[in-house]
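Given next are the chains, with one letter for each unit.
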Amino acid sequence: MRNAFADEITKLGATDHRLVLLSGDIGNKLFDKFKSGAETRFLNCGIAEANMMGVAAGMALSGLRPVIYTITPFTTTRCYEQIRVDACYHNVPVIIVGTGSGLSYAELGPTHHSCEDLAIMRVLPHMTVMAPADEVELRQCLRAALKQDGPVYIRIGKKGEQIIPKKDDHFEIGRSITVREGSDVCLIGTGTLLPTVLEAATLLAAQGITARVESFHTIKPLDSDTVMQAFSNYSIVATIEEHSRIGGLGGSIAEWLAQQDRMRGRLVSFGTDDDFMHEVGSQDYARAKYGLTAQNIAEKVQAAYAKAVA
Amino acid sequence: MTTDIPELKNIASRIRGRIIATSHQTHTPHLGSCLSCVDILIAAYFSTLKIDPAKPSDPERDRFILSKGHGAAALFQVLALKGFYPEAMLKSYGEDGGIFAEHPPTPDHLPGIEAATGSLGHGLPIGLGMALAGRIKKQEYDVTVLLGDGECNEGSVWEAAMMAAGQQVGNLLAIVDFNKWQATGRSEEVLALGPLVDKWRAFGWEASEVDGHDMNALTEVMGRKRSRVGKPIAVVAHTVKGKGVSFMEDDNNWHYRIPTADEVLAAYKELGVTA
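Keep in mind that this is a model prediction, so the values were computed, not measured.

Asks: How should the overall build of chain B be read in this particular structure?
Replies: Looking only at helices and strands, one finds nine helices and seven strands in chain B. By principal-axis analysis of the C-alpha atoms, chain B measures approximately 50 × 45 × 35 Å. Evaluated residue by residue, chain B yields a buried proportion of 50% over its 275 residues.

Asks: Help me understand unusual backbone geometry in this model?
Replies: For residues other than glycine, phi is negative in most cases, and the peptide bonds are mostly trans. In the segment running from Lys220 of chain A into Pro221 of chain A, the intervening peptide bond is cis, with an omega of 5 degrees. Its place among the elements puts Pro221 of chain A in the loop between β10 (218–220) and α9 (224–233). In the segment running from Gly194 of chain B into Pro195 of chain B, the intervening peptide bond is cis, with an omega of -5 degrees. By secondary structure assignment, the location of Pro195 of chain B is in the loop between α6 (187–190) and α7 (196–202).

Asks: How do you make sense of the interface of chain A and chain B when you look at a structure like this?
Replies: Often, the extent of an interface is quoted as the loss of accessible area upon association of its parts. Contact residues are listed per partner, giving 24 residues for chain A and 22 residues for chain B. For the side of chain A that touches chain B, the secondary-structure elements that each account for two or more residues are α3 (49–61) and α5 (80–89) of chain A. Here the side of chain A that touches chain B gets nine residues from one element, more than from any other, and that element is α3 of chain A. For the side of chain A that touches chain B, the residue count by class is twelve nonpolar, nine polar and three charged.

Asks: Any chance you could explain the nonpolar core here in plain terms?
Replies: As a rule of thumb, soluble globular proteins bury nonpolar side chains together. In terms of nonpolar packing, the biggest core is built from 172 residues, with Leu22, Ile68, Val185, Leu187 and Ala238 of chain A touching the most fellow members. Counting residues per element, this core draws most heavily on helix α2 (residues 31–48) of chain B, which supplies twelve residues. Residues in contact with Leu187 of chain A, not counting those within four places in the same chain, are Val197, Ala200, Ala201, Ala211, Val213, Ala238 and Ile240 of chain A.

Asks: Would you mind going over the sheet that holds strand β7 (residues 233–238) of chain B with me for this structure?
Replies: Hydrogen bonding along the main chain pairs the strands of a sheet, whether they run parallel or antiparallel. Residue and element names in this part refer to chain B. With parallel pairing, five strands are arranged side by side in an open sheet as β1-β2-β3-β7-β6. Each edge of the open sheet carries a strand with a single partner, namely β1 (63–66) and β6 (206–211). Pairwise comparison of adjacent strand axes, ignoring direction, gives a mean angle of 20 degrees for this sheet. Direction of pairing for strand β2 (residues 143–148) relative to strand β3 (residues 172–178): parallel, over a ladder of six bridges. By the bridge assignment, Leu147 is partnered in β3 with Val176. Against the sheet, helix α8 (residues 215–223) touches β3, β6 and β7, its axis set at about 165 degrees to β6.

Asks: Help me out: how do you make sense of helix α7 (residues 135–146) of chain A in this one?
Replies: An α-helical turn contains 3.6 residues, so any two residues separated by three or four positions project in the same direction. Its twelve residues give α7 of chain A an end-to-end C-alpha distance of 17 Å, which sits within 8% of 16 Å, the value for a rise of 1.5 Å per residue. Against α1 (2–15), β4 (95–99), β5 (128–130), β6 (152–155) and β9 (211–215) of chain A lie the buried residues of α7 of chain A.

Asks: Just to check I follow, could you spell out the domain arrangement of chain A for this structure?
Replies: All names here are of chain A. Taken domain by domain, chain A comprises domain 1 (2–155) and domain 2 (177–309). The gap between the C-alpha centroids of domain 1 and domain 2 is 27 Å. Contacts between the two partners involve 22 residues from domain 1 and, on the opposite side, 28 residues from domain 2. A class-by-class count of the residues in the side of domain 1 that touches domain 2 yields 13 nonpolar, four polar and five charged.

The rules behind these values
- Residues numbered from 1 in each chain as written.
- Chains lettered and ligands numbered in written order.
- Predicted model: local features only at pLDDT ≥ 70, side-chain atom pairs only at ≥ 80, totals over all residues.
- Helix = DSSP H or I, 4+ residues; strand = E, 2+ residues; numbered from the N terminus.
- Buried ≥ 20, exposed ≤ 12 C-beta atoms within 10 Å, placed from the backbone.
- Contact = placed C-beta atoms within 7 Å.
- Nonpolar A, V, L, I, M, F, W, Y, C, P; charged D, E, K, R; others polar.
- Core = buried A, V, L, I, M, F, W, Y, C linked by C-beta atoms within 7 Å.
- Pairing = 2+ DSSP bridges.
- Axes fitted to C-alpha atoms, helices over the stretch in contact; angles between N-to-C directions.
- Expected span 1.5 Å × (residues − 1).
- Domains from an automatic or database assignment.

Have a look at this one:
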């Protein structure tokens, strides 16, 4: 995903001379092509994220389109007040990209995990929040973000993520993409867990339960039309995210649901626990620890469905 | 634009009188912090900045950021007198639903404001971003950022200082309103602030110090916003908190105290102004 980011930002920067790339001392070599085409518009801001966010806001206030790139905790929690005041309060077009989000850097320990970013970004006024599933969605997110006049946060994975084939490549901020049709349950995924969600749908199909799968590349603004359809038409709606069950996609939909008249659907949310992971492990290990596997999702959804139709 | 020093001093006294009256009328605190930076603001807005109040969004304008946002009561008076908005607008100061709060609002809510400050340590990074934008866009403007000495507690100030020097930003001027106090104590004692001029120098800036109430010296040093050697410029301005009114000077109670009607009149008398 990060190679796709470098490639897409290089293409966009070649034609949009307002685009400035700010890196927090990462991506050595990754941005060589960008630099060779636009040397003055690449700035390594060092390991000083609070300043980097303020610099980006100052640039955006001066008519540029800064894109900030560093590892997720450092471009979110580390400089949160600068995001809130400099980018959101001023409502300027700063694009914040968090790489290696969720449990991508599981081996590096909780200092490098980010299972709170969607929650804290989502609560900020003016902020658009996106979590593309693969590099195709990432490129679409970036192109759409550059057309926004306010701040945008995009959380991405690391590398080698599977590309999910889709029938329709129409992309719009705040409109989810249907990846698979089904009539019994609805699985709403966000970010790079989408292949796991599709696998869960396949496991459910083997049990005679057909699942619709939605890719929610945008967390905010919430695609409330699709959410409304899901809770109207399906008895079980599951959210799946590599993020805390507090405050992310599941949290957002729970807030929405609580304000509606009685709906048909019941919400089942999958995400990380309200805890830090103290043991060592790969991303797959970490996902499994929090139940973010196709097997576990399929089992829990099947049980909830059985209860709902009983 | 003027280099008429007596006239600049007159303007400063009038602004001081208005700030004190407004504090009394609206119970706006931070009087001492406002009075210490008045002369710097006057030197900037009435002598050295390349700005046109009729064109507050001119891409080529000089930028000025009051990073010590709690000096807003001073800035609001200066911008009104400069003509960015009618002085009558200030009658709504502190009123419910008004725009004049204790800190500057965002630029799209009040002409003349370049950044909404109030949380300390934000102005220098934003100003650096503006200075870098000018370089990228090949524009000629300069950026001035006014910091408080207490504000220099914030790490983001020094992050920005390092990046500005690393990028050899030549169109950035930082002025520290060194009034020797922060909210609850002497700024040299709360944290180890000094030696402040040497600190900026060690961070790669072209640094100097000036009497922050000497209008001659201020207009001279602030007029040289561009370094000849591609370095950002820092000016440590020695100031007195509560400057201009004997019973407020260097008394940190006036960080939060509100003057009585009698104190306003006594201040007017000392400043040689009527209202």
